[in-house]
Amino acid sequence: MTPRRLTSPERVVFEDAGITKGDVAAYYAVVSRWMLPGVVGRPLSLLRCPDGAGASCFFQKHHADSLGAGVHSITLDEASGTGEYLYIDDVDGLLDLVQMNTLEFHPWGSRTNDVEHPDRLVFDLDPDEGIAWSAVKSAARDIRDRLADVKLRSWVRLSGGKGLHVVVPVRPKADWAQTKAFCENFAGQLVAETPKRFVATASKAAREGRIFIDWLRNTRGATSVASWSLRARAGAPVCMPLSWEELAQVRKPSAYDMRKAARRADSLKEDPWEGFSRVRQIIPAN
């Protein structure tokens, strides 16, 4: 399956890996079965790279007719007035965006049919330089266990960078303010208990020797990179969903590049996040 139009399929997108635009389109077609549940029907921000991953890229969140017939618009409130945001419904929309040089897909934590009530939380663990990968994995497991203490089941994925995401599906009951308050409080408690291990502020200086818990992904308009999305970085790494059992066997954060991810998608018998969409849990009151 390819886009209705794919111009310049031979153009190199990841120069170090020899990956072309045609290869990127083929990749997204292969992984679409697993990827689409996390991106369809959600406002999206895109990272578009017209001149390849090593050149100038830009984020886009507003709709444009030039994006293709499979890409739709939704009017959302902004700080001042309204804006036309974009979303897709199917693989045609996904591949239309690839045609427009999209490499990364970043969905909202809520759906277009209920934008003001998120249905997933993301805790993004971003370690400082020098922190061992084993320590990052241990931190993710500890966050999983702490979430379980408040009756929230979670799943894990490689961010495609140097860290991990702990992702929590919830029923869309709490609004954004309530969601933000819960996530800020949860991260703050972790920092208070182990201040030499975690930090919850974005300050680079404060992160020294620690793991930054980015809870701000859980605010209105914020996004987090989608499972199975490429990252516009050297080697074409992928944001890869894993089972908690699989995490133990992963020896480095960059374990999956595009080609390895495509092979995984093609051979999977079940979703590593099996059960994710069926969970009916709610954010506890603070």
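Look up: the structure comes first, before these words.
A few points on the structure. (Residues numbered from 1 in each chain as written. Predicted model: local features only at pLDDT ≥ 70, side-chain atom pairs only at ≥ 80, totals over all residues. Heavy atoms only, no water.)

**Considering a positive patch on the surface**
Together, Lys252, Arg259, Lys260 and Arg263 make up a positively charged patch on the protein surface. Within the secondary structure, Arg259 is located in helix H6 (residues 258-267). (Patch = residues over 30% accessible without salt bridge, like charges linked within 9 Å, V, L, I, M, F, W, Y side chains within 5 Å. Areas by Shrake-Rupley, 256 points an atom, 1.4 Å probe, with all protein chains shown as cover. Salt bridge = Lys/Arg side-chain N within 4 Å of Asp/Glu carboxyl O. Lys, Arg positive; Asp, Glu negative; His and termini not counted. Charge placed at Lys NZ, Arg CZ, Asp CG, Glu CD. Helix = DSSP H or I, 4+ residues; strand = E, 2+ residues; numbered from the N terminus.)

**A word on H6**
When H6 is considered as a whole, its buried residues turn out to be Met258, Ala261, Ala262, Arg264 and Ala265. Along the long axis of H6, the arc covered by the buried residues comes to 160°, so they all point the same way. Those residues of H6 that are exposed and angled more than 90 degrees off the buried face are Arg263 and Asp266. Where H6 is buried, its residues contact strand E2 (19-20), helix H1 (21-35), strand E13 (240-242) and helix H5 (244-247). (Buried < 20%, exposed > 50% of the residue type's maximum accessible area, 1.4 Å probe, protein only. Arc of directions from axis to C-beta. Contact = heavy atoms within 4.5 Å.)

**Regarding the pattern of salt bridges**
Side chains that differ in charge, positive against negative, can pair when their charged atoms come close. Summed over the entire model, instances satisfying the criterion amount to 14 salt bridges. Put simply, Arg217 and Asp124 hold a salt bridge, and the shortest N to O gap is 3.1 Å. Of this pair, Arg217 sits in the loop between strand E12 (211-214) and E13 while Asp124 sits in strand E8 (residues 120-127), and the two are 93 residues apart along the sequence. Between Arg144 and Asp145 there is a salt bridge, with its nearest N and O atoms 3.1 Å apart. Residue Arg144 is classed as partly exposed on the basis of its relative accessible area, which comes to 25%. Through salt bridges that share partners, Asp126, Glu129, Lys162 and Arg207 make up one connected network.

Take it as geometry only, folks, not as evidence of what the structure does.
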